[in-house]
Structure formats: C-alpha cells, structure tokens
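Residues per chain, in single letters:
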Amino acid sequence: MTLAIPFNRPCFTGKEMHYIGEAVYRHGHISGDGYFTKQCHRLLEESLGVKKALLTTSCTHALEMAAILLDIQPGDEVICPDFTFVSTINAFVLRGALPVFIDVRADTLNLNEHALEAAITPRTKAILIVHYGGVGAEMDTIMAIANRHRIPVIEDNAHGLWAKYKGQYLGTFGAMATQSFHETKNFQCGEGGALLINDPQYVERAEIIREKGTNRSRFFRGQVDKYTWVDIGSSYLPSDVLAAFLYAQLEERGSIQAKRQRIWDTYYAQLSEWADAHDVQIPTVPGYCEQAYHVFYMVLPNLPTRQNLIAHLKSQGILSVFHYLPLHLSDMGQGYGGKAGDCPVTERLGECLVRLPFYNDLSDDDQARVIAGIQSFEGWV
Ligand SMILES: *Cc1c(COP(=O)(O)O)cnc(C)c1O
C-alpha cells in the first residue's frame, strides 16, 4: 500500500530534543526569556541586521503588538492586501481599526503598489505588507509612497524569513516586521513568532507590552530597582522550551532552505511545460527577488477545474489545499462594506489557486508521485 502524502508535516533538524533538555537541566529555566530565547534573539538580530528581535507566542501576537505600538485607535484606517491570512488585519481590527483592502498583483500575488496611493486618507495609520510565498512585494514603490505620507509600514513576513528584495532582507524595510514559526512555516516550533523592530523608537515599549505592561525587562537588566505596571500589554513571550526547539531550526537555516529550494526548483522544472500547455499559472519570481521557497502554488483556469484537481490528487492519496479566501468577502469583510468585484484578482485566486505538498523532508519519490498525479489529471472544465 502506498502511504498518503500530506500537505505539510513538521520536520526535525536533529538537535531539538537535546536543546530542550539543556533548557531544563543545564539552564533550569523554561519560562520566557531564558537562554534559548536570547540565543534566538541574537541570531535573528545578527543575521538580519535588525535593531531588536523579540520572540512571541505567534505571528498573530507579534502583529497585535505592532498594532498597540502604533497606538491604533477606533476609526483609524489600516491598509492591507486582500489576499492574506486573517491575522494580518485582525490584529489591527482588534484595536478598532477599519480595514482597507487592496487587491494584489496577478503575477507575484503581492499588494498592487499601483493601487496604494489612492487608498490613503488622512485617517490611514498603517500600511501592512505581506511578502507572499517569501517573494518580496514592490518595496521601492511602497516605501516611497509610505514615506511621502509619513505612514508606518508593517511587514507581515510570515513567509519570507531570510529572503531578499534587491539585496535587502525582507522584514528590514518597515518600522516593524512579524515572523511566524507555526508548524506550517519554513522554521518551526509548533506555535511561535517574532516581532522584528527596525525603528528604534518602538523598542522600549515593545519590551513592556510583551511583559504584561510591566518594565520587567529593564529590571532584569538592572536598569530599575523594582518592576511595576507602566503600560497596557499582555503575555506575548513564549516558553524557553519552544525557543530551544526553534533555535535548533534557526541554526540549520542553511540546510533547511537548501532542501526547500531543491523541492521548489523540482516542481518548477517539471511542471513548467505542463502548465504552459494547459494555461495554468505557476509562481513568478522577479530577478531582483531572492525568495524563501515557502510555497509552490498553481492557479488553475477556473473553480471546478481546481476542485477536480484537488479531488484527483486526493484519490491518489495526495493532499493539496487552497487558500486564501478573499478577506473583503468574508463575514467580517462584508461587515466593513466588502462587495463582490472589489478585488477581482484576489477573488480569482480564492477560486483557482492550489498549493502542492511542501515540507522540508518531502522525499524525491513522494514528490515524483505528486508531479505524476498532476500530469495525469484530465478533469478540465
Ligand atoms: C501563518 C501566517 C500568519 C499567522 O501566523 P501564526 O504564527 O500562526 O499566528 C500570519 N500571516 C501570514 C501571512 C501567515 O502565513
């Protein structure tokens, strides 16, 4: 019997359990901000050249911290690509923001920078950017517009750790950026994330917000002689057990990315001709983007064909999935006035995009089965 090929599977690099043991027995500290959290902070700061990295319990929570740091108030407008995960905007809506959804480009599926300026009003308080699949959005144009209007940019970089746009790391353009270490991302610890801070004015308050609104971080550094409640905040720091797991993955970033590149390149090489022949879109990566190899997607000609392909692969034990449903047409999005036709590219992607199995340990044989499964598809509509 051939085994099913999942869409995603968590992968070990080898040292995860060893580091967790060290956190417990050698360092004797498994709550937040222990030895491995500090190691992760240093690795992220030094490798990316960011001012401050703070591990969080998720990317969602890092986005919530960003919304608090920008002092988002009820009625403020926040611009966001329509084609993204709910958390990108929900973290801001949680503070009362009104979402303003912009459609994405049909080639990279990133925010359409040509539609950005027209969406800005005197109430715009933030511009959220997603680097879909770890392929950089058009940051030259986006940053020029944002700077001209003095509006902070937050990069939801859940897909793009260590990818580059024109030689610069994603996550280092905006005032802040957020990372995810969820089980489905390139580097994982189950549930986890990070806030990267590029604009130094946010650093001190970020530490406070992350520590329940207290100045405990300053206390531990000996900068104040007692710690107390000084601001709003929550508990956004992960256990050092998770940081130990994560550190084993971050340390192996070179080998993880090499495996993912190989999988991505194989899909691309073996499906290009087939895609051309059937009018199927596969990813576009501009020459000036060094991507993160986070997803391999295909855009089928229509919804029934996409559904037939997913069913065809499933009948062979291969799990493929679709995402994202257009935010402006969700229950929440419609509550903010979203209507069919507002973001046609995203509406088409919601119906026609499929993601292929992609995880670090996907074997050559299993990947060959996925590719053969696609090439044997006949259910065109
Ligand atoms: C996965 C993901 C998130 C959420 O990450 P969590 O760590 O699960 O909160 C946010 N934004 C994007 C673009 C994502 O892909």
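Quick caveat: nothing in here was measured; it's all calculated off a predicted structure.

Asker: Which residues make up the sheet that holds strand E2 (residues 77–81), and what are the values?
Answerer: Here we have 7 strands laid out as an open sheet, ordered E1-E9-E8-E5-E4-E2-E3, and mixed in their pairing. The sheet is open, and its two borders are formed by strand E1 (52–56) and strand E3 (98–102), each paired with just one other strand. Across the sheet, the axes of successive neighbouring strands diverge by a mean angle of 20°, strand direction being ignored. With 5 bridges connecting them, E1 and strand E9 (residues 193–197) associate as antiparallel partners. In the strand pairing of E9, Leu-55 is matched with Ala-194. Across the sheet, helix H6 (residues 139–148) lies against strand E4 (124–130) and strand E5 (153–156), angled at about 150° from E5, the strand it touches most.

Asker: Got a sec to walk through the layout of surface pockets? Specific residues and values, please.
Answerer: Roughly 540 Å³ of volume is contained in the largest pocket. Lining the largest pocket are 29 residues, and of these Phe-85, His-159, Thr-184, Lys-185 and Tyr-324 lie nearest its centre. Among the elements of the structure, helix H3 (59–69) and helix H4 (87–93) are those that each provide at least two residues to the lining of the largest pocket. Ranked by residue count, the leading element in the lining of the largest pocket is H3, at 3 residues. Looking at the lining of the largest pocket residue by residue, the class counts come to 12 nonpolar, 13 polar and 4 charged. The two domains that each donate at least three residues to the lining of the largest pocket are domain 1 (16–251) and domain 2 (253–375). Considered as a void within the structure, the second largest pocket measures approximately 430 Å³ in volume.

Asker: Summarise the pairing of E5; cite the residues concerned and give the values.
Answerer: Residues Val-153 and Glu-155 point to one face of E5 and Ile-154 and Asp-156 to the other, with burial holding for every one of them. Relative to E5, E4 runs parallel, the two being bridged by 4 bridges. Residue pairing in the sheet places Ile-127 in a bridge with Val-153 of E5. For the handedness criterion, the β-α-β arrangement of E4, H6 and E5 is classed as right-handed. Alignment of E5 against strand E8 (residues 176–180), held across 3 bridges, turns out to be parallel. Note that in E8 the partner of Glu-155 across the bridge is Ala-177.

Asker: Explain the site of the ligand to me, and be specific about the residues and the numbers.
Answerer: Taken together, 14 residues lie around the ligand, and Thr-60, Asp-156, His-159, Ser-180 and Lys-185 are the ones closest in. Taking Cys-59, its main chain carries an N or O atom lying 2.9 Å from an oxygen atom of the ligand. Side-chain polar atom of His-159 to an oxygen atom of the ligand: 2.8 Å apart, as the coordinates give it. Compared with its free state, where it exposes 390 Å², the ligand has 92% of that area covered by protein. Counting atoms within 2 Å of the grid points, the majority share of the ligand lands in the largest pocket. Taken together, the residues of the shell around the ligand sort by class into 4 nonpolar, 8 polar and 2 charged.

Asker: Now, about the sheet that holds strand E7 (residues 168–169): what can you tell me, with residues and values included?
Answerer: One open sheet holds the 3 strands; their spatial order is E7-E6-E10, and the pairing between them is antiparallel. Each edge of the open sheet is held by one strand with a lone partner, namely E7 and strand E10 (289–290). Across 2 bridges, the pairing between strand E6 (residues 164–165) and E10 is antiparallel. Bridge pairing links Tyr-165 to Cys-289 in E10.

Asker: Now, about the domain arrangement of the chain: what can you tell me, with residues and values included?
Answerer: As assigned here, the chain comprises domain 1 (16–251) and domain 2 (253–375). A straight line from the C-alpha centre of domain 1 to that of domain 2 covers 25 Å. Counting from both sides, the interface comprises 45 residues of domain 1 and, opposite them, 32 residues of domain 2. Between domain 1 and domain 2 lies a buried interface of about 3200 Å² when both sides are counted; carbon and sulfur atoms form 61% of it.

Criteria and cut-off values
Residue positions are given per chain, counting from 1 as you read along its sequence in written order. Confidence filtering applies because this is a predicted model: local features only for residues at pLDDT of at least 70, side-chain atom pairs given and counted only at 80 or more, and all residues used for totals across whole chains, interfaces and linings. Only heavy atoms go into the side-chain values, all of them from the structure, while hydrogens and water stay out. A pair of strands is considered paired only if DSSP assigns at least 2 bridges between the two. Working definition: helices are DSSP H or I runs of at least four residues, strands are E runs of at least two. Numbering for both runs from the N terminus. Axis lines are fitted to C-alpha atoms, over the contacting stretch for helices. Their N-to-C directions set the angle, which ranges from 0 to 180 degrees. Contacts are residue-level and defined by heavy atoms, with any inter-residue pair within 4.5 Å sufficient. Method remark: on a 1 Å grid restricted to protein atoms, a set of points is classed as a cavity if a 1.4 Å probe fits but cannot get out and as a pocket if it is open with protein on both sides within 12 Å along at least five of seven lines; lining residues have an atom within 4 Å of a point. Grid points are joined across faces, edges and corners, and a volume is the space filled by probe spheres set on the points. Just so you know the grouping, Ala, Val, Leu, Ile, Met, Phe, Trp, Tyr, Cys and Pro go in nonpolar, Asp, Glu, Lys and Arg go in charged, and all remaining residues, Gly too, go in polar. Here the bounds of each domain stem from an automatic or database domain assignment. Per-residue accessibility, obtained with a 1.4 Å probe over protein chains only, is compared with the maximum for each type, and a residue is labelled buried under 20%, exposed over 50%, and partly exposed between these values. Classification remark: right-handed applies to a crossover when, strands pointing away from the viewer, the course from the first strand over the helix to the second runs clockwise. Working definition: residue near molecule or strand if any one of its non-hydrogen atoms lies within 4 Å of it. Polar contacts, as used here, are pairs of N or O atoms within 3.5 Å; protein pairs need one atom able to donate a hydrogen and one able to accept it. Residues neighboring in sequence count only if both atoms are side-chain atoms. The Shrake-Rupley method, run with a 1.4 Å probe, gives the accessible areas here. Residue values count only the displayed protein chains as cover. Grid points define the cavity or pocket, and a molecule sits in it when more than half of its atoms lie within 2 Å of them. By convention, the term buried area covers the 1.4 Å-probe accessible surface removed from two parts as they join, with the contributions of both added.

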